[in-house]
Amino acid sequence: MLDPEIRAKYTPTIGIECHVQLKTRTKLFAAVSNDARNAAPNTLISHICLGMPGALPVLNEKVVEYAMQVAFAFNTEPQRYSHFERKHYFYPDLPKGYQITQLSHPIIVGGYVDLGIEDEIKRIRINRVQIEEDAGKSTHPTGKDYSLVDLNRAGTPLLEIVSEADMHTAAEAKLYAHELWLLVRYAGVSDADLYQGNMRFDVNVSVSKTDKLGLRTETKNLNSFRSVEKATEYEIGRQIELLEKGKAIVQETRGWDDAKQKTFSQRSKEDAHDYRYFPDPDIPPIVLSDAAVQTIKSIMPTLPRQLRQRLRALKIDPSATETLIEEMPAGKLIIALLDSGCNNDAVKRIANWLVTEVQALVSGGTYTWENLHLNPDHLVVLADMTTANKVSSTGAKAILHELLLTGKSPEKIATEKNLLQVSDESEIAAIVAKVLSDNPQAATDVKNGEMKAIGFLVGQVMKQSHGKANPNLAQKLIKEQLGQ
Ligand code: MN
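Reading guide: rules and limits
Residues numbered from 1 in each chain as written. Predicted model: local features only at pLDDT ≥ 70, side-chain atom pairs only at ≥ 80, totals over all residues. Heavy atoms only, no water. Helix = DSSP H or I, 4+ residues; strand = E, 2+ residues; numbered from the N terminus. Buried < 20%, exposed > 50% of the residue type's maximum accessible area, 1.4 Å probe, protein only. Contact = heavy atoms within 4.5 Å. Donors = N, O, S within 2.8 Å, 3.2 Å for Na, K, Ca; no water. Polar contact = N/O pair within 3.5 Å; in protein donor to acceptor, adjacent residues only side chain to side chain. Domains from an automatic or database assignment. Salt bridge = Lys/Arg side-chain N within 4 Å of Asp/Glu carboxyl O. Core = buried A, V, L, I, M, F, W, Y, C linked by side-chain atoms within 4.5 Å.

Participant: What exactly am I supposed to notice about the side chain of Thr232 here?
Facilitator: Inspection of the secondary structure assignment puts Thr232 in helix H5 (residues 225-244). What makes Thr232 buried here is its relative accessible area of 0%. Non-local contacts of Thr232, meaning those with residues more than four positions away in its chain, are made with Ile14, Ala170, Ala173, Val203, Val205 and Ser227.

Here it is in structure tokens:
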């Protein structure tokens, strides 16, 4: 392990490139399905995906709309003019021999992502975001003398999001990757399913003891937040060790071996001129009108940072807030409640149920957020019933469980399960009187100021009423009858 004192002499600098797959119905330039999850290899292809001679690409308008949304998610506006370039390289999963991407005029320039909350915000600037197409997928069966190519993914629309090198720890790199994941999901532009490879991260790392940046390496194709963190930490340590031994860092592309938890050298880094970029003559530039930009701005959904601010204003604690945001169905439900002008008490109560009761049900594995009956109207009614003491908080949880599993209304469940609390004073007063005469010692203790005994008496009232007495009312009546 690296000596922490030596480690502390170096400042790591980290920038991240992220490829996000957009959830359009069809591909970037072809009217072919973009959902390759359950498709047999090479079934979602056309002359355009294969790069047949004379094939003409046609830009998918939805991709441009999604890119515009991402611009707003990054606190900036899309560029009014952008265009596509061809990036040439030779690989079997790239039939055209070039990738269509953006270089000199990308759709987004600038913007930023804020990590963390209010007092300790870490701002990560965005350098650029470009629209580009994905390549196909190569597999190399072990022990065989051939490789297989599946072009279903060829031409899938991607956004390549390039950050500035504003991060300095592996934890920040992980947090940034996670925040991008939240942003593109809440913006509704990507499923961002990491398991399906919908988001891939390339981490650029360098270390330096001075103000001058060191030579950097790029570790490519990380597909989890954990691997972003681990690969970054590993690269920082590896580079410092090399420098401490007086060796040089080689500027190169590296891979991540998840089993060994190590990066490994793949190839030396190409420069831009190696790709012989030039503007794609087949695709007209994207020119956005102010009206089109304003339309997209007007339909932007609530994003995680706004939801954080709204929940903070309600004094919901930060860890509950992050759980709500992490579980998007929960986050979206809270957003819908806030937007509908629901009372704050109900929002807080429901938020609490979501991160405790519902989260526990979901983490049990039998249920998902999607297949539970998260009916906002029912939840609000149940919250209001609880606040009005029509049901106890324990009763409310029993009703909540039934409601989630069956979708029945809370009033119906409360009646069926006999959980409506008795808040009729005269009825409870009679029970209180009986309990006090049955328990003279406890009654005397309360009279003498031993308030511990009052809990026992309330318990007896609850028992006599079969749990239906409102405990606050019971306590008030006990005190009244004992002259306290
Ligand atoms: Mn790219």
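Participant: I'm lost on the coordination of the manganese ion in this one. Help?
Facilitator: Coordination angles at a metal have ideal targets, namely 109.5 degrees for four tetrahedral donors and 90 or 180 degrees for six octahedral donors. Within the protein, the atoms that donate to the manganese ion are His19 (NE2), Glu132 (OE) and Glu160 (OE), at distances of 2.0 to 2.2 Å. All donors of the manganese ion come from a single chain, and their spacing in sequence reads H-x112-E-x27-E. One end of the pair, His19, is in strand S1 (residues 11-21); the other, Glu132, is in strand S7 (residues 122-133), with 113 residues separating them in the sequence. Residue Glu132 is classed as buried on the basis of its relative accessible area of 3%.

Participant: Whenever I open this one, the side chain of Ser392 confuses me. Can you help?
Facilitator: Among the structural elements, Ser392 can be located in the loop between helix H11 (376-387) and helix H12 (393-406). In this structure Ser392 comes out as buried when scored by relative accessible area, which is 18%. A polar side-chain atom of Ser392 sits 2.8 Å from the main-chain amide nitrogen of Gly395.

Participant: I'm lost on the domain arrangement of the protein in this one. Help?
Facilitator: Many structure descriptions define interface size as the accessible area lost when the parts assemble. Its domain assignment divides the protein into domain 1 (4-287), domain 2 (302-416) and domain 3 (425-481). For domain 2 and domain 3, the distance between their C-alpha centroids amounts to 33 Å.

Participant: Please explain the pattern of salt bridges as it appears in this structure.
Facilitator: Close approach of charged atoms allows side chains with opposite charge to pair. In total, this model carries 29 salt bridges according to the counting rule given. A salt bridge links Arg254 to Glu235; the shortest N-O distance between them is 3.2 Å. One end of the pair, Arg254, is in strand S13 (residues 252-257); the other, Glu235, is in helix H5, and 19 residues separate them in sequence. Comparing Arg254 with Glu235, the two get one shared label, buried. One salt bridge connects Glu322 with Arg308, and the closest N-O pair in it is separated by 2.7 Å. Remark: Arg308 occurs in helix H7 (residues 304-313) and Glu322 occurs in helix H8 (residues 318-326); sequence separation between them is 14 residues. Judged by relative accessible area, which is 9%, Arg308 ranks as buried. In this structure, a network of salt bridges that share partners links the residues Glu235, Arg238, Glu252 and Arg254.

Participant: What am I meant to see in the nonpolar core here?
Facilitator: As a rule of thumb, soluble globular proteins bury nonpolar side chains together. Of all hydrophobic cores here, the largest spans 111 residues; its most connected members are Tyr176, Met199, Phe201, Ile334, Ile350 and Leu354. Here Phe201 is in contact with Ile16, Glu17, Cys18, Ala177, Leu180, Leu194, Thr219, Lys220, Asn221, Leu222, Phe225 and Val228, once residues within four sequence places are set aside. With 21 residues, the next largest nonpolar core counts Val422, Ala442, Met462 and Leu477 among its residues.

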